[in-house]
Amino acid sequence: QVQLVQSGGGLVQAGGSLRLSCVASTSITSIKAMYWYHQAPGKQRDLVALYTTPVPGTTNYADSVRGRFTVSRDDAKNTMYLEMNSLKPEDTGVYYCAAELFTMVVSWGQGTQVTVSS
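The structure presented is a predicted model; accordingly, all values stated were derived computationally and were not measured. (Residues numbered from 1 in each chain as written. Predicted model: local features only at pLDDT ≥ 70, side-chain atom pairs only at ≥ 80, totals over all residues. Heavy atoms only, no water.)

For this particular structure, what's the right way to read the overall build of the protein chain?
Each helix and strand counted, the protein chain has 0 helices and 11 strands in total. Along the chain direction, N to C, the helices and strands of the protein chain fall in the order β-β-β-β-β-β-β-β-β-β-β. For 118 residues, the compact-globule formula gives about 13 Å, and the C-alpha radius of gyration of the protein chain, at 13 Å, lands near that figure. Across its three principal directions, the C-alpha atoms of the protein chain cover 40 × 25 × 25 Å. The buried share of the protein chain, taken over its 118 residues, is 44%. Residue pairs at least 24 apart in sequence account for 51% of intrachain contacts in the protein chain once pairs closer than 6 positions are excluded. (Helix = DSSP H or I, 4+ residues; strand = E, 2+ residues; numbered from the N terminus. Rg over C-alpha atoms; globule rule 2.2 N^0.38 Å. Buried < 20%, exposed > 50% of the residue type's maximum accessible area, 1.4 Å probe, protein only. Contact = heavy atoms within 4.5 Å.)

In this structure, what is going on with the pairing of strand β4 (residues 31-39)? I would like to understand it.
Consecutive side chains along a regular strand alternate between the two faces of the sheet. Among the 9 residues of β4, 7 are classified as buried, and the element is accordingly described as predominantly covered. Here 7 bridges tie β4 to strand β5 (residues 45-52), and the two strands are oriented antiparallel to one another. Along β5, the bridge assignment pairs Tyr37 with Leu47. (Pairing = 2+ DSSP bridges.)

What should I look at first to understand the packing of aromatic side chains in this one?
How two aromatic rings sit relative to each other is given by the distance of their centres and the angle of their planes. Applying the stated rule across the entire model yields 3 aromatic pairs. Look at Tyr35 and Tyr37: their rings are 6.3 Å apart centre to centre, the planes differ by 50 degrees, and that puts the pair in the tilted class. In this structure Tyr35 comes out as buried when scored by relative accessible area, which is 16%. Between Tyr96 and Trp108, the ring centres sit 6.4 Å apart and the planes meet at 85 degrees, which makes this aromatic pair edge-to-face. Note that Tyr96 is positioned in strand β9 (residues 93-101) and Trp108 in strand β10 (residues 106-108), a separation of 12 residues in sequence. Put simply, the rings of Tyr35, Tyr37, Tyr96 and Trp108 pair up and form one aromatic cluster. Note that Arg45 overlies the ring of Tyr96, its terminal NZ or CZ placed 3.6 Å from the centroid. (Phe/Tyr/Trp six-rings, centres within 6.5 Å; stacked < 30°, edge-to-face > 60°. Lys NZ or Arg CZ within 6 Å of the ring centre and 35° of its normal.)

What is the right way to look at the pattern of salt bridges in this model?
It is possible for side chains bearing opposite charge to pair when their charged atoms get close. Overall, the coordinates contain 4 salt bridges when judged by the stated rule. Salt-bridge contacts for Asp91 lead to Arg68; the nearest nitrogen and oxygen are separated by 2.8 Å. Taken together, the residues Asp91 in the loop between β8 (79-84) and β9 and Arg68 in the loop between β6 (58-61) and β7 (69-74) connect sequence positions 23 residues apart. Taken individually, Asp91 and Arg68 each receive the classification buried, so the pair is uniform in this respect. In this structure, Arg73 engages Asp75 in a salt bridge whose closest nitrogen and oxygen atoms are separated by 2.8 Å. According to the relative accessible area criterion, Arg73 is buried, its value standing at 18%. Taking the relative accessible area as the measure of exposure, Asp75 reaches 32% and is therefore partly exposed. (Salt bridge = Lys/Arg side-chain N within 4 Å of Asp/Glu carboxyl O.)

Shown next as structure tokens:
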């Protein structure tokens, strides 16, 4: 199993930007795919972005964030990032990163709060 430690997030005004980080305890090149989920208050956890990690990797985004959010990686730092631009109040919530191993085991980060004020 891989451990994931998240950082970033915070309070930002609508239209602003934030960057979330997710550091894995192992090389992310050994991970099948990594994901970012968003859980709004009182709502279910929804997938917003994914990155299939075997090089070169592919990305995909939920319609709600496409064009505003960008997922990237730094293999040397075993880190995945979520760059969030043009933030909206509805982007408020807890963001979780997740890693799916080739063994189908999924690990989760601890979550990080993002609050977008109007």
